[in-house]
Amino acid sequence: MLKIGVKDLAKYPFLTEAGEYLRNTGLSLEQLGHSDWQPIVEKAYGRIVVASSGQIYGSDLEGLDNDSELLSFLVAIILLKSAGIATLIRRFSLAESRRAERYLQQDLWVSRDKKNLELPLKIIQDLFSINVSIDNEEFVIKVPDYLQRAVHFHEKEWKLVNRRVANGFVYLSAHETVRLIRTELGEYINAKIQSVSVDSIPQSFKSRVDDLVALAKKFSDTTYVSSEYPPCVKHGIEVLEKGENLPHSGRFLLATYLLSKGQTVDQIAPLFKNAPDYNERTTKYQLEHISGSSGSGTKYQCPSCEKLRSESLCFATPDCDGIINPVQFGKKRKSP
Amino acid sequence: MIEKDVSLIQSAFKEYYFNRFDLIHVPQRATEREFGYQKFNSGMTRHLVVKNDKELHLLLMREVPSDVYCSNAYYTFPNLPMSEKDWKGADLIFDIDAKDLGLSCRKDHTVFKCSSCNNHATEFRSQCAKCGSPKFETVSVGCKNCISESKKEVTKLVDIITTDLNVSKEQVEVYFSGNEGFHLRVTNVDYEQLGSQERADLVDYLMFNGAVPESFGMKRQDNSKSSLPTFDEKGWRGRVARRLFSSKSKAPKITREIIASGYSAFQVQLEEIKKTMGVRVDPKVTMDIHRIFRLEGSINSKSGLSKIHCTNLDSFDPYLEACLLGDDTVDIIADCPVQIRLKNKKFGPYHTEKVSLPKYAAVYMLCKGLGNAV
């Protein structure tokens, strides 16, 4: 049996073992409400504030107080659940997963001599069912496990063809191994928080919960959406308006883009009227298929900028501003 | 297709489906797969369940389809509409087609058929010599070179999937497609769950698409610090090294030369390697996790040849081994301006003339649109 110490739990407070540890101490929520424990509540609140600003909460694990590191995480969850604001929970999960990511990477790296590798590998194995093994100081995972995660990354270096592959395994550095599971780690922590139910909280928690509600107001609805179409979509519409032929991939772009902006099949269909091969029934059928209301039920997503570039459908302007998908065009975050 | 042609072809197909039960089997896990078929001059019937060989044989004899298909995917309910089938996984499939290989021999065995008057020409013209129409269909007939070049692609593919991807040889089945190429099916549980995007990236790996110089140790800046892969490395790094250096002893000298020529020159070299060493498969087929794929043992209506298992690829001759229709003679009006070779016999060229041919050759020409039943 792998022994997980309190220092490990301070690093990875989302592990099931953390709850067990707390139970064994016999500490109850009621007791945490006592003013002696107020520093933990403050620490927990601080942890959320740091996360909500997009920073990563740093812990002093060399200090003696690993208990309060662990407890502040658990109290933070209670505060978040009581405030009940999804944006905060999401930001917190993300920041906490980045924090855990740092420790995982460190643990993988420093213990690649196998002495102490059990814990990080066990976390990856238990939480995400990926078997990671070691070959000559490098980490190896099975090709299908790799592909299922790496396809969500857009950088070329993550394409399988740009990795070292041998005998069905992909070779990765500690950093890359951890990067690969980032999203899942975030989702795991998020799900873990979602699964917690909080009935009543100690009085001493209440003012901090109110503060969280106030804090969250800053994040609500801060995106500003331009009504202007991105240049690739404009180009497609122009081609159709002129009655010229737009290739299938261009039509697919228009349909998926406009659907993603909330237009309906009936609103989009007339756009294709000028196409040289226009057929009302076919157009409707295809639009419905793309929208997911008929056929396999798959709702097709707008193709990425990279895909459009390779199809010669990208007409990027400075306004595109580094987006990776046309649907992001014109969305700017107002600084809170 | 005109009725007379259909009935000649159908009778030949029926005879095959009646006599060659030994060649026609459902694939493993048949009850989890979707089947479909097409009849001549008619649409596709799909979402069928065929539980075993017996049901398959009955279907073939009852319907005499022009083409028969079976899903690479496994479903809980294969007979329900797509959205309710409950996808469980899919075999990895590959399609290698000679027409995608850009071979120079293609012009020697491609016939241009005028879409309006059916006049045939062996060379491309912008207009039909007979009626002036600008629209043509192209028909390609069997060619030894096309087959041997396609085999090379199969060999490359099998090599990469068995070494880099750790798929065992027993898990790879190679089939002649029934027309101008090969189909491969890989049954390996590790890969079964992969979705379409994952398969697309896997195909890019096999085709050597999207490789960047950095992955092979070439630096864009401070290029003198580059270190190229070594001869004995596995995967593409080793393959690239072996191609670039050609022998171990030349490696240090060539490495210096490559690094001196710089990043962009290396990028060009990688492009070249892609053309020669990348496997040319049809990416759409491999990416499709709901495809119904031609069933092994069935006849391909583009040619009248069967899709059959190739146990020995090197010696495999599709125009002998996959040509399985009867050899009693039938009369047709052949309009086949190029010579074809089937079962080691030569036929044609024929210029709109009535000829008596063995059934397999007659059906081949009819399927290709290069003749009509009398």
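Residues numbered from 1 in each chain as written. Chains lettered and ligands numbered in written order. Predicted model: local features only at pLDDT ≥ 70, side-chain atom pairs only at ≥ 80, totals over all residues.

Caption draft 1: The arrangement of the overall build of chain A in detail. Along the backbone of chain A there are 16 helices and six strands. Taken over the C-alpha atoms alone, chain A extends approximately 75 × 55 × 40 Å along its principal axes. The burial tally for chain A puts 35% of its 336 residues in the buried class. Long-range pairs, those at least 24 residues apart, make up 73% of the contacts in chain A between residues at least 6 apart in sequence. (Helix = DSSP H or I, 4+ residues; strand = E, 2+ residues; numbered from the N terminus. Buried ≥ 20, exposed ≤ 12 C-beta atoms within 10 Å, placed from the backbone. Contact = placed C-beta atoms within 7 Å.)

Caption draft 2: Broad picture of the overall build of chain B. The secondary structure content of chain B amounts to 11 helices and 20 strands. In terms of its C-alpha atoms, chain B occupies a principal-axis envelope of roughly 75 × 55 × 35 Å. Of the contacts formed within chain B by residues at least 6 apart in sequence, a portion of 65% connects residues at least 24 apart.

Caption draft 3: Quick peek at the domain arrangement of chain A. Assigned domains within chain A: domain 1 (6-104 + 191-217) and domain 2 (231-333). Using only C-alpha atoms to locate each centre, domain 1 of chain A and domain 2 of chain A end up separated by 44 Å. (Domains from an automatic or database assignment.)

Caption draft 4: Here's a closer look at helix α5 (residues 196-207) of chain B. The terminal C-alpha atoms of α5 of chain B, which comprises 12 residues, lie 16 Å apart, in line with the 16 Å expected from a rise of 1.5 Å per residue. Considered for burial, the residues of α5 of chain B that qualify are E198, R199, D201, L202, V203, Y205 and L206 of chain B. The secondary structure elements touched by the buried residues of α5 of chain B are α8 (143-150) of chain A together with α3 (144-163) and α9 (283-287) of chain B. Two residues or fewer past α5 of chain B, F208 of chain B is found with a positive phi of approximately 60°. (Expected span 1.5 Å × (residues − 1).)

Caption draft 5: View of the domain arrangement of chain B. Each assigned domain of chain B is listed here: domain 1 (3-100 + 143-205 + 282-373) and domain 2 (210-277). If you average the C-alpha positions of domain 1 of chain B and of domain 2 of chain B, the two centres end up 39 Å apart.

Caption draft 6: Highlighting the sheet that holds strand β3 (residues 164-166) of chain A. Residues and elements named next belong to chain A. Taken in spatial order, the four strands make up an open sheet running β1-β2-β4-β3, and their pairing is antiparallel. Looking at which strands have only one partner, the edges of the open sheet turn out to be β1 (133-135) and β3. Neighbouring strand axes in the sheet, compared pairwise and without regard to direction, differ in orientation by 40° on average. Pairing of strand β2 (residues 138-142) with strand β4 (residues 169-172) involves four bridges; the strand directions are antiparallel. Following the sheet pairing, K142 is matched in β4 by F169. Against the sheet, α8 contacts β2, β3 and β4, and its axis sits at roughly 90° relative to β2. (Pairing = 2+ DSSP bridges. Axes fitted to C-alpha atoms, helices over the stretch in contact; angles between N-to-C directions.)

Caption draft 7: Structural detail: the sheet that holds strand β19 (residues 350-358) of chain B. All names here are of chain B. Strand order in this open sheet of three strands is β19-β16-β20, and the pairing throughout is antiparallel. Pairing within the sheet leaves two strands with one partner each, and these edge strands are β19 and β20 (371-373). Between one strand axis and the next, the sheet turns through 30° on average, direction left out of account. In this structure, strand β16 (residues 329-336) lies alongside β19, joined through seven bridges in antiparallel fashion. When the bridges of β19 are listed, V330 appears paired with L357.

Caption draft 8: Here's a closer look at unusual backbone geometry. Residue and element names in this part refer to chain B. Each neighbour pair has its own omega, and for G348 with P349 the value is 0°, a cis peptide bond. Mapped onto the secondary structure, P349 falls in the loop between β18 (345-347) and β19. Here N166, not a glycine, exhibits a phi torsion of approximately 60°, which is positive. Looking at where N166 falls in the secondary structure, it is placed in the loop between α3 and β10 (172-176).

Caption draft 9: Structural context of the interface of chain A and chain B. Contacts between chain A and chain B engage 20 residues on the former and 26 residues on the latter. Among the elements of the structure, α8 and β3 of chain A are those that each provide at least two residues to the side of chain A that touches chain B. Ranked by residues supplied to the side of chain A that touches chain B, first place goes to α8 of chain A with four residues. Looking at the side of chain A that touches chain B residue by residue, the classes come out as eight nonpolar, seven polar and five charged. (Nonpolar A, V, L, I, M, F, W, Y, C, P; charged D, E, K, R; others polar.)

Caption draft 10: Layout of the confidence of the model for chain B. Taken over all residues, the pLDDT of chain B has a mean of 94, while the share at 70 or more is 100%. The complex prediction reports pTM at 0.80, with the ipTM value standing at 0.92. (pLDDT = per-residue confidence, 0-100.)

Caption draft 11: Expanded view of the environment of G142 of chain B. Residues and elements named next belong to chain B. As for its placement among the helices and strands, G142 is situated in the loop between β9 (136-140) and α3. Separated by 33 residues in sequence, G142 and H109 place their C-alpha atoms 7.4 Å apart. When sequence neighbours within four positions are dropped, the list of residues in contact with G142 reads Y319, I340 and R341.

Caption draft 12: How the structure looks around the packing of helix α6 (residues 235-245) of chain B against helix α8 (residues 263-277) of chain B. Residues and elements named next belong to chain B. Contact pair α6 / α8: the axes reach a minimum separation of 11 Å and the direction vectors enclose 105°. As summarised for this structure, α6 and α8 are arranged roughly perpendicular, according to the angle between their axes. Contacts from R239, V240, R243 and L244 in α6 reach Q269, I273 and M277 in α8. When its residues are assigned to classes, the contact of α6 with α8 shows four nonpolar, one polar and two charged. (Parallel < 35°, antiparallel > 145°, perpendicular 65-115°, else oblique.)

Caption draft 13: View of the nonpolar core. Core analysis: the largest hydrophobic core is formed by 143 residues, its most contacted members being I48, V75, A76 and L79 of chain A together with L157, V363 and M365 of chain B. No other element matches helix α5 (residues 66-83) of chain A, which puts 10 residues into this core. Grouped together as the second largest cluster of nonpolar side chains are 17 residues, V233, Y257, L259 and V265 of chain A included. (Core = buried A, V, L, I, M, F, W, Y, C linked by C-beta atoms within 7 Å.)

Caption draft 14: Expanded view of the pairing of strand β7 (residues 110-114) of chain B. All names here are of chain B. With five bridges joining them, β7 and β9 adopt antiparallel strand pairing. Pairing of K113 across the sheet is with E137, part of β9. Across two bridges, β7 lies against strand β8 (residues 120-121) in antiparallel orientation. Residue pairing in the sheet places K113 in a bridge with H120 of β8. From the end of β7 to the start of β8, which pair antiparallel, there are five residues, and N118 there has a positive phi angle of about 70°.

Caption draft 15: Fine view of the packing of helix α6 (residues 86-110) of chain A against helix α10 (residues 182-195) of chain A. Residues and elements named next belong to chain A. Interhelical geometry of α6 versus α10 gives an angle of 130° and a closest axis separation of 8 Å. Taken together, the axes of α6 and α10 lie oblique to each other. Every pair of crossing elements has a handedness; the one defined by α6 and α10 is right-handed. In this structure, α6 contributes I89, R90, S93, L94, E96, S97, A100 and E101 to the contact, and α10 contributes R182, L185, G186, I189, N190 and I193. (Left-handed = near helix turned anticlockwise from the far one by under 90°.)

Caption draft 16: Highlighting the pairing of strand β11 (residues 181-186) of chain B. All names here are of chain B. Burial analysis of β11 places five of its six residues in the buried class, the great majority of the element. Here strand β6 (residues 92-97) pairs with β11 via six bridges, running antiparallel. Paired with I96 across the strands is F182, a residue of β11. The sheet contact formed by β10 and β11 spans five bridges and is antiparallel. Considered in β11, the bridge of V174 is made with L184. Taking the residues that link successive antiparallel strands as the turn, the β10-β11 hairpin has four residues, and the phi of G178 there is positive, at about 95°.

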